Amino acid sequence: MSNEINCIALIGKQNNPLYLKNFSNTHPDLKYHYIAHTSIDVIEERVASGPKNLDLYLGLLYAMEDLAVYGYMTNTRVKFVVVVSVTEGIIRDADMKTIFKKIHSAYLSQVCNPFYNLDSQRSIDSKAFIQAIETIGVNANSKATMEI
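In this text, all values refer to a predicted model and were calculated from it rather than measured experimentally.

A.B. asks: Explain the packing of aromatic side chains here, please?
C.D. replies: Aromatic ring pairs are defined here through the distance separating the ring centres and the angle between the ring planes. What the rule picks out here adds up to 5 aromatic pairs. Aromatic side chains tyrosine 57 and phenylalanine 100 sit 5.8 Å apart centroid to centroid with 55° between the ring planes, which places their arrangement in the tilted category. With a gap of 43 residues between them, tyrosine 57 in strand S3 (residues 57–64) and phenylalanine 100 in helix H2 (residues 93–111) connect regions that are remote in the sequence. Just as tyrosine 57 is buried, phenylalanine 100 falls in that class too.

A.B. asks: For this particular structure, what's the right way to read the pairing of S3?
C.D. replies: Along a regular strand, successive side chains alternate from one face of the sheet to the other. Counting buried residues along S3, 6 of its 8 residues qualify, which places the element largely inside the surrounding structure. Direction of pairing for S3 relative to strand S4 (residues 67–73): antiparallel, over a ladder of 6 bridges. Bridging from a neighbouring strand, tyrosine 62 pairs with valine 69 of S4. In textbook terms, the turn of a hairpin is the stretch between consecutive antiparallel strands, and for S3 and S4 this stretch comprises 2 residues, one of which, glutamate 65, has a positive phi near 55°.

A.B. asks: How do you make sense of the pattern of salt bridges when you look at a structure like this?
C.D. replies: Pairing between side chains of opposite charge can happen when their charged atoms approach one another. Under the criterion given, the structure shown has 6 salt bridges. Put simply, lysine 21 and glutamate 134 hold a salt bridge, and the shortest N to O gap is 3.1 Å. Placement of lysine 21 in strand S2 (residues 17–22) and of glutamate 134 in helix H3 (residues 127–147) is noted, with a sequence separation of 113 residues between them. Lysine 21 sits in the partly exposed class, given a relative accessible area of 21%.

Thresholds applied
Residues numbered from 1 in each chain as written. Predicted model: local features only at pLDDT ≥ 70, side-chain atom pairs only at ≥ 80, totals over all residues. Heavy atoms only, no water. Phe/Tyr/Trp six-rings, centres within 6.5 Å; stacked < 30°, edge-to-face > 60°. Helix = DSSP H or I, 4+ residues; strand = E, 2+ residues; numbered from the N terminus. Buried < 20%, exposed > 50% of the residue type's maximum accessible area, 1.4 Å probe, protein only. Pairing = 2+ DSSP bridges. Salt bridge = Lys/Arg side-chain N within 4 Å of Asp/Glu carboxyl O.

Written as structure tokens, this is what we have:
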């Protein structure tokens, strides 16, 4: 993948923000909060109009300026949004699916914690989860710079 991840966001089943990590130095967190919340409408539209045996990976939701927004929704309706800079090259769906599966795995580890309340409106503040997301973003971005 020759493009960098700018943001990873998790949105709860009641459309509340669970977690947002900004990997970009050029854009503020507020921009990514806006992008994550506007992607909710696109995700809901795809789920409502799509087949009932929906794949968890939703693909490219929309492109905005120099950013591409990709989506993924779990069976429990928790949404993952990854914002990627599209400066050059193409982004393969296989690469994005791999990233989403890693994010889903980190989220499953968080949910399996007996002290985590699945129906909570609070943001995820687990150190292990934050470290896992940080690792996913840094590893994906380091691969991106090596392929250029």
